[in-house]
Amino acid sequence: MKSSQVVVNVAEHAELSLIKLLASHMPHIDNVTLSVVQEDCENLIAHADAAGLIQRVLLGDFPALEVLTNTNGGSKQSGNDGNDDEASGGAGSGFAESDAISAFCLLVALLDYHSNSNSNSSNSNSNDELKRQIATKIMQLNSGNVRIRVGMLRVLFNLATVAAEKCALFINMVQLVTATSTSDVDVLVDFCKTRYNGEGLLSSVHLKRLAATLGDVDGSADTVLKRELFQVSGAALAKAGSAYDSERQKVLLLQIATYDEASVDQQALQAAKQAA
């Protein structure tokens, strides 16, 4: 099936319906009208422009990410009598976590449909750059449900095929859950308990496996990325509580192992002190 057929068949109804649903949760947005967005998206879908659709919906002036991550957002729909009634869920209701993540997945998956149908490397690189921009925007949101934002990053992590990209996205996830307030520490603990391929996400075994996909040249960008991976993971385990002290020590030792004699810095000395 050609790329244009894939994009039209998958997106024609689902994406436009999703865009309408997102718009219904934007009662206070003055500079975005559903008719304009819908027309733009219809044109992009008709031209099989998956990248353009993603840019318009997730990176443009249509605040889809903000709406999807705002579980307290309100929505209104017009009743049969022409009056505005509160949508299902009542005033202040937003998207359920699983629904928000699924909607996000539906949108970004279009990029992979497009890439798999088109072997042009420039298009593939462009799509990878779009995913990086989306990840950056998720990290920069000033508010929003942390679980949903982590779930979105995990979608991007699962779609990534380049080792450095996967590692960077994992670091983003860890930084996001570590930055939660003390009252939201359960988000961090749940993340620690979450398993991937049978291993805890922040277990030394899983982190070592993830780091092993990167290169081993001392002083290289990959080495710096490994070091950051172990450093932020160790900090997350420390914040998660004493139950994770043993695992944290193993992660600190992995961090220390990324240094050679010439590259030892203050962070290396601090990690060694904490691991002792």
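Residues numbered from 1 in each chain as written. Predicted model: local features only at pLDDT ≥ 70, side-chain atom pairs only at ≥ 80, totals over all residues. Heavy atoms only, no water.

### Describing the overall build of the protein chain
Part 1 of the argument: Looking only at helices and strands, one finds 14 helices and four strands in the protein chain.
Part 2 of the argument: Relative to its 276 residues, the protein chain shows a buried fraction of 43%.
Part 3 of the argument: Partitioning the intrachain contacts of the protein chain with sequence separation of at least 6 by distance along the chain shows that 62% fall at a separation of at least 24.
Part 4 of the argument: Per element, the accessible surface of the protein chain, about 13,900 Å² overall, is 49% carbon and sulfur. (Helix = DSSP H or I, 4+ residues; strand = E, 2+ residues; numbered from the N terminus. Buried < 20%, exposed > 50% of the residue type's maximum accessible area, 1.4 Å probe, protein only. Contact = heavy atoms within 4.5 Å. Areas by Shrake-Rupley, 256 points an atom, 1.4 Å probe, with all protein chains shown as cover.)

### Quick notes on the layout of surface pockets
Part 1 of the argument: Within this model, the second largest pocket holds a volume of roughly 230 Å³.
Part 2 of the argument: Counting only elements with at least two residues in the lining of the second largest pocket, the list comes to helix 11 (204–211) and helix 12 (221–240).
Part 3 of the argument: Top element by residues in the lining of the second largest pocket is helix 12. It accounts for three residues.
Part 4 of the argument: Class assignment for the residues of the lining of the second largest pocket results in seven nonpolar, three polar and five charged. (1 Å grid on protein atoms, 1.4 Å probe; cavity = no way out; pocket = protein on both sides within 12 Å on 5 of 7 lines; lining within 4 Å. Points joined across faces, edges and corners; volume = space filled by probe spheres on them. Nonpolar A, V, L, I, M, F, W, Y, C, P; charged D, E, K, R; others polar.)

### Considerations on the packing of helix 13 (residues 245–256) against helix 14 (residues 266–275)
Part 1 of the argument: In the contact formed by helix 13 and helix 14, the axes pass within 9 Å of each other and the chain directions differ by 150°. As judged from the angle between their axes, helix 13 and helix 14 are roughly antiparallel. Note that helix 13 runs across helix 14; the crossing there is left-handed. Counting all contacts with helix 13, which are made through Arg248, Gln249, Leu252, Leu253, Gln255 and Ile256, the residues of helix 14 involved are Gln267, Ala268, Ala271, Ala272, Gln274 and Ala275.
Part 2 of the argument: Looking at the contact of helix 13 with helix 14 residue by residue, the class counts come to seven nonpolar, four polar and one charged. (Axes fitted to C-alpha atoms, helices over the stretch in contact; angles between N-to-C directions. Parallel < 35°, antiparallel > 145°, perpendicular 65-115°, else oblique. Left-handed = near helix turned anticlockwise from the far one by under 90°.)

### Remarks on the side chain of Thr178
Part 1 of the argument: Following the sequence through the fold, Thr178 ends up in helix 9 (residues 163–178).
Part 2 of the argument: Here Thr178 falls in the buried class, since its relative accessible area comes to 19%.
Part 3 of the argument: Within the structure, Thr178 has its side chain in polar contact with the backbone oxygen of Val174 (distance 2.6 Å).
Part 4 of the argument: Sequence-distant contacts of Thr178, that is, excluding residues within four places in its chain, are made with Val232, Ala235, Ala236 and Lys239. (Polar contact = N/O pair within 3.5 Å; in protein donor to acceptor, adjacent residues only side chain to side chain.)

### Description of the environment of Tyr196
Part 1 of the argument: Its location among the elements puts Tyr196 in strand 3 (residues 195–196).
Part 2 of the argument: With ten residues separating them along the chain, Tyr196 and His206 place their C-alpha atoms 7.9 Å apart.
Part 3 of the argument: With near-sequence residues (within four places) excluded, Tyr196 lies in contact with Arg154, Phe157, Asn158, Leu201 and His206.

### Some points on helix 2 (residues 14–24)
Part 1 of the argument: The complete set of buried residues in helix 2 reads Glu15, Leu16, Leu18, Ile19, Leu22 and Ala23. All buried residues of helix 2 lie within an arc of 160° about the axis, which places them on one face of the element. (Arc of directions from axis to C-beta.)

### Side note on the packing of aromatic side chains
Part 1 of the argument: Using the criterion set out here, one finds two aromatic pairs in the structure.
Part 2 of the argument: With a centroid separation of 6.2 Å and 55° between ring planes, the pair formed by Phe157 and Phe170 is classed as tilted. Of this pair, Phe157 sits in helix 8 (residues 146–159) while Phe170 sits in helix 9, and the two are 13 residues apart along the sequence. With respect to burial, Phe157 and Phe170 carry one shared label: buried.
Part 3 of the argument: For the pair Phe170 and Phe191, a centre-to-centre distance of 6.2 Å together with 45° between the ring planes defines the contact as tilted. Highlighted residues: Phe170 in helix 9 and Phe191 in helix 10 (residues 185–193), separated in sequence by 21 residues. Note on accessibility: Phe170 and Phe191 belong to one class, buried.
Part 4 of the argument: Joined through ring pairs, the aromatic side chains of Phe157, Phe170 and Phe191 make up one cluster. (Phe/Tyr/Trp six-rings, centres within 6.5 Å; stacked < 30°, edge-to-face > 60°.)

### Examining helix 4 (residues 50–59)
Part 1 of the argument: Judged by how many residues are buried, helix 4 sits mostly within the fold: eight of ten residues are covered.
Part 2 of the argument: The complete set of buried residues in helix 4 reads Ala50, Ala51, Gly52, Leu53, Ile54, Arg56, Val57 and Leu58.

### Some words on the packing of helix 11 against helix 13
To characterise two packed helices, one gives the angle between the axes of the helices and the distance between these axes.
Part 1 of the argument: The geometry of helix 11 relative to helix 13 is characterised by a closest axis approach of 9 Å and an angle of 25° between their N-to-C directions. Viewed along their axes, helix 11 and helix 13 adopt a mutual orientation that is roughly parallel. When helix 11 is examined against helix 13, the residues Ser204, Val205, Leu207 and Lys208 are found in contact with a partner set consisting of Glu247, Lys250, Val251 and Leu254.
Part 2 of the argument: Tallied by class, the residues present in the contact of helix 11 with helix 13 amount to four nonpolar, one polar and three charged.

### What about the nonpolar core?
Part 1 of the argument: Counting residues in each nonpolar core, the largest one holds 71 residues, and the members touching the most others are Leu58, Phe104 and Phe170.
Part 2 of the argument: Sequence-distant contacts of Phe104, that is, excluding residues within four places in its chain, are made with Leu58, Leu65, Leu68, Ile134, Ile138, Met152, Val155 and Leu156. (Core = buried A, V, L, I, M, F, W, Y, C linked by side-chain atoms within 4.5 Å.)

Geometry only, nothing functional implied.
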